[in-house]
Amino acid sequence: MILKKTKAGKKYCYEYFDSFSLEKALENKTFSSIRATNKEDRLTFSFKTDPKFASLRLLVILSPIFISIFDSGKTDLEFFVKTLEESNFKYGLYEKFFQDFSFDTYLTYYQNHQANEDIIVDKNLNVDFTVNMMDDVYILALNAMIESLILDKRICDKLLTYFSKMRNDIVINGRRSILANSIQAFYLSKYVVIWALDLYKIIENNHPKLYPYILPIYELTNNLKTPSMVK
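> Hey, could you run me through the sheet that holds strand E5 (residues 119–121) in this one?
Two pairing modes exist for strands in a sheet, parallel and antiparallel, and in both the strands are linked by backbone hydrogen bonds. Sheet architecture is open: six strands sit in the order E3-E2-E1-E4-E6-E5, paired in antiparallel fashion. At either margin of the open sheet sits one strand with a lone partner, and together these are strand E3 (33–36) and E5. Sheet twist, expressed as the average angle between the axes of neighbouring strands with direction ignored, equals 15°. Each of strand E4 (42–48), E5 and strand E6 (126–131) is contacted by helix H2 (residues 54–69), which is oriented at about 5° to E6, the strand it contacts most.

> Which parts of the structure should I look at to understand the packing of aromatic side chains?
Aromatic ring pairs are described here by two measures, namely the spacing of the ring centres and the angle between the planes. Under the defined criterion, the tally for this structure stands at 24 aromatic pairs. Judged by centre distance (5.7 Å) and plane angle (40°), the rings of Phe 97 and Phe 101 are tilted. With a relative accessible area of 1%, Phe 97 lands in the buried category. Take Phe 101: its relative accessible area is 15%, and that puts it in the buried class. An aromatic cluster of at least three residues, connected via ring pairs, comprises Phe 53, Phe 89, Tyr 94, Phe 97, Phe 101, Phe 103, Tyr 106, Tyr 109 and Tyr 110. We note Lys 190 situated over the ring of Trp 195; from NZ or CZ to the ring centre the distance is 4.5 Å.

> Mind showing me how you'd approach the pairing of E4 here?
Walk down a regular strand and you will see the side chains alternate between the two sheet faces. Taken across its seven residues, E4 has six buried, putting it largely inside the fold. Relative to E4, strand E1 (residues 2–7) runs antiparallel, the two sharing five bridges. Following the sheet pairing, Thr 6 is matched in E4 by Arg 42.

> Can you help me understand a negative patch on the surface in this one?
A cluster of acidic side chains, namely Glu 40, Asp 41, Glu 85 and Glu 86, defines a negative patch on the protein surface. Position of Glu 85 relative to the elements: it lies in helix H3 (residues 78–86).

> Just to check I follow, could you spell out a nonpolar patch on the surface for this structure?
Residues Phe 186, Tyr 191 and Ile 194 make up a contiguous nonpolar surface patch of about 300 Å² in total accessible area. Structurally, Phe 186 can be placed in strand E7 (residues 186–187). The class for Phe 186 is partly exposed, based on a relative accessible area of 41%.

> How do you make sense of the nonpolar core when you look at a structure like this?
Residues Leu 62 and Met 145 are the most contacted members of the largest nonpolar core, which totals 79 residues. By residue number, the principal contributor to this core is H2, which donates 11 residues.

> Explain the side chain of Ser 87 to me, please; I cannot follow it from the model alone.
Of note, Ser 87 is situated in the loop between H3 and helix H4 (103–111). A residue is classified by how much of its surface remains accessible, and Ser 87, at 13% relative accessible area, is buried. In this structure the side chain of Ser 87 is engaged in a polar contact, spanning 3.0 Å, whose partner is the backbone nitrogen of Phe 89. Other than its neighbours up to four places away in sequence, Ser 87 contacts Gly 92, Leu 93, Asn 116 and Glu 117.

> What's the story with the packing of H2 against helix H5 (residues 136–150) in this structure? I'm lost.
To characterise two packed helices, one gives the angle between the axes of the helices and the distance between these axes. Taken N-terminus to C-terminus, the directions of H2 and H5 make an angle of 150°; their axes are 11 Å apart at the nearest point. The pairing of H2 with H5 is recorded here as roughly antiparallel in orientation. The handedness of the crossing between H2 and H5 is right-handed. Of the residues in H5, those in contact with Ser 55, Leu 58, Leu 59, Leu 62, Phe 66 and Ile 69 of H2 are Leu 142, Met 145, Ile 146, Leu 149 and Ile 150. Here the residues of the contact of H2 with H5 sort into 10 nonpolar, one polar and no charged.

Criteria and thresholds
- Residues numbered from 1 in each chain as written.
- Predicted model: local features only at pLDDT ≥ 70, side-chain atom pairs only at ≥ 80, totals over all residues.
- Heavy atoms only, no water.
- Pairing = 2+ DSSP bridges.
- Helix = DSSP H or I, 4+ residues; strand = E, 2+ residues; numbered from the N terminus.
- Axes fitted to C-alpha atoms, helices over the stretch in contact; angles between N-to-C directions.
- Contact = heavy atoms within 4.5 Å.
- Phe/Tyr/Trp six-rings, centres within 6.5 Å; stacked < 30°, edge-to-face > 60°.
- Buried < 20%, exposed > 50% of the residue type's maximum accessible area, 1.4 Å probe, protein only.
- Lys NZ or Arg CZ within 6 Å of the ring centre and 35° of its normal.
- Patch = residues over 30% accessible without salt bridge, like charges linked within 9 Å, V, L, I, M, F, W, Y side chains within 5 Å.
- Areas by Shrake-Rupley, 256 points an atom, 1.4 Å probe, with all protein chains shown as cover.
- Salt bridge = Lys/Arg side-chain N within 4 Å of Asp/Glu carboxyl O.
- Lys, Arg positive; Asp, Glu negative; His and termini not counted.
- Charge placed at Lys NZ, Arg CZ, Asp CG, Glu CD.
- Core = buried A, V, L, I, M, F, W, Y, C linked by side-chain atoms within 4.5 Å.
- Polar contact = N/O pair within 3.5 Å; in protein donor to acceptor, adjacent residues only side chain to side chain.
- Parallel < 35°, antiparallel > 145°, perpendicular 65-115°, else oblique.
- Left-handed = near helix turned anticlockwise from the far one by under 90°.
- Nonpolar A, V, L, I, M, F, W, Y, C, P; charged D, E, K, R; others polar.

Below is the structure:
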């Protein structure tokens, strides 16, 4: 995996194998590269999806939950709202990752449009997920969620079976809902908070070694808070 950390006009890239190695890299500031950028502060988590796009689709499904529970803006979903202003789509997401998804059509679209969405996949199946800047403790929590839910093939397949009736409009409506209600939004059949707590429990049961990384965000979510509320 790769973490691209853009802060104060510089982009730091960290290459790592798992949450444990990312923790060490962040602590020791052992980034693989650094360069100047005019982008505002942000984080981009990069990983390779499978040829059937299972991990990509699960990320898309979980994205409203991730975006809302890790919100660190001065106002609700500040970074997400700003990204929508640049996005090619109203709710910041390519609109056909489920029904009628064609990878060739997707790639052709981005040959003619700037890739300004928070989830992007390139021709080599590399996925970028861009979110707001946050403290390292929450970076590690989000990475642990990606690692244990999305990149664990067994868990990913189970969750996709659960979400087998997912439609393009459901994800779009989830993003619309978090814009209106942030962490207290309703998505699919539950509130975002309940989804998050359920996901934490899956990690606790299946990846107990990673669960300590989850505890800081669990404590916030369980009290209807986000990182923005503890600054």
